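The residues making up each chain are set out below.
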Amino acid sequence: MKTITPATLYDLVELSDVRISPDGAHVAFVRMSVDRTGNAYQRSIWIKPLANDAPAEPLTGSTKDSMPRWSPDGARLAFLSGREDKAKVFVLPARGEARAVAAHANGIGAFEWSPSGAQLAFTAGMRADERAAEAAPATASEPAPAKTAFESKQDKERKDNDDKERFDPRTITRVPY
């Protein structure tokens, strides 16, 4: 039995985020390895046909790709890529080159296809200054009318609830559209 040393970690290859195409013909997955010289992880999307014993092949050439997601019809594969600084969603058609289809100033955290395959929904983080600007009241040309005691109480309760929920993460597993 070979002894495991810290250097052994450089030889490990991890496969993750395995996704079978809707027609069951292919599987896409993330292959992660460690770059010894750059001391960084390298993640790329690989694909393997399931009908035969053909070996898996790299689908993307970047070392910062993750989250492969088949479109509902199986004709396209979307994935996250940090190849251009911030993470963007790229879509790779059955034939052709991958192209960026969604971006956000802070980078995209996760995404999913709509059931029809016509749209993508994504999440992106916000910086503290962006949250503060979003929470600040809009400036208007006319001053806002004075609030009643009841309205002030409702606003305070709403703000307290919003602050509580902001730091109370929840997993959303289904969003009706």
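As a reminder, the structure under discussion sits directly above these lines.
Residues numbered from 1 in each chain as written. Predicted model: local features only at pLDDT ≥ 70, side-chain atom pairs only at ≥ 80, totals over all residues. Heavy atoms only, no water.

As a further point, take the overall build of the protein. Counting secondary structure elements, the protein contains two helices and ten strands. When the helices and strands of the protein are read in sequence order from the N terminus, they spell out β-β-β-β-β-β-β-β-β-β-α-α. Against the globule reference of 16 Å for 177 residues, the protein gives a C-alpha radius of gyration of 23 Å, more extended than a compact globule. Principal-axis analysis of the C-alpha atoms places the extent of the protein at approximately 75 × 45 × 30 Å. Put simply, of all contacts in the protein between residues at least 6 apart along the chain, 26% involve residues at least 24 apart. When the accessible surface of the protein is split by element, carbon and sulfur atoms take 54% of a total near 13,100 Å². If the 25 positive side-chain charges of the protein are averaged to one point and the 25 negative ones to another, these points end up 2 Å apart. (Helix = DSSP H or I, 4+ residues; strand = E, 2+ residues; numbered from the N terminus. Rg over C-alpha atoms; globule rule 2.2 N^0.38 Å. Contact = heavy atoms within 4.5 Å. Areas by Shrake-Rupley, 256 points an atom, 1.4 Å probe, with all protein chains shown as cover. Lys, Arg positive; Asp, Glu negative; His and termini not counted. Charge placed at Lys NZ, Arg CZ, Asp CG, Glu CD.)

Next up on the list: the environment of N39. As for its position among the elements, N39 is in the loop between strand 2 (26-35) and strand 3 (40-49). Note on N39: relative accessible area 59%, which makes it exposed. The spacing of N39 and Y10 is 29 residues in sequence and 9.2 Å in space, taken between C-alpha atoms. (Buried < 20%, exposed > 50% of the residue type's maximum accessible area, 1.4 Å probe, protein only.)

On to the sheet that holds strand 5 (residues 65-70). Ordered in space as 5-6-7-8, the four strands form an open sheet in which the pairing is antiparallel. The two strands at the open ends of the sheet, each matched to only one other strand, are strand 5 and strand 8 (99-102). In this sheet, adjacent strand axes meet at a mean angle of 35° when their direction is disregarded. Pairing geometry for strand 7 (residues 88-93) and strand 8, over three bridges, is antiparallel. In the strand pairing of strand 8, V91 is matched with R99. (Pairing = 2+ DSSP bridges. Axes fitted to C-alpha atoms, helices over the stretch in contact; angles between N-to-C directions.)

Quick look at unusual backbone geometry now. Of note, D17 is a non-glycine position whose phi angle comes to about 50°, a positive value. Mapped onto the secondary structure, D17 falls in strand 1 (residues 14-20). At M67, a residue that is not glycine, the phi angle is positive and equals roughly 55°. Relative to the helices and strands, M67 is located in strand 5.

Here we come to the sheet that holds strand 1. An order of 1-2-3-4 is seen for the four strands of this open sheet, with the pairing classed as antiparallel. Only two strands of the sheet have a single neighbouring strand rather than two, namely strand 1 and strand 4 (57-58). As judged from the five bridges shared by strand 1 and strand 2, these two strands associate in the antiparallel manner. Residue pairing in the sheet places R19 in a bridge with A28 of strand 2.

By secondary structure assignment, the location of S62 is in the loop between strand 4 and strand 5. The buried category is assigned to S62, whose relative accessible area is 15%. Separated by 3.1 Å, the side chain of S62 and the backbone nitrogen of K64 make a polar contact. A polar side-chain atom of S62 sits 3.5 Å from a polar atom in the side chain of D65. (Polar contact = N/O pair within 3.5 Å; in protein donor to acceptor, adjacent residues only side chain to side chain.)

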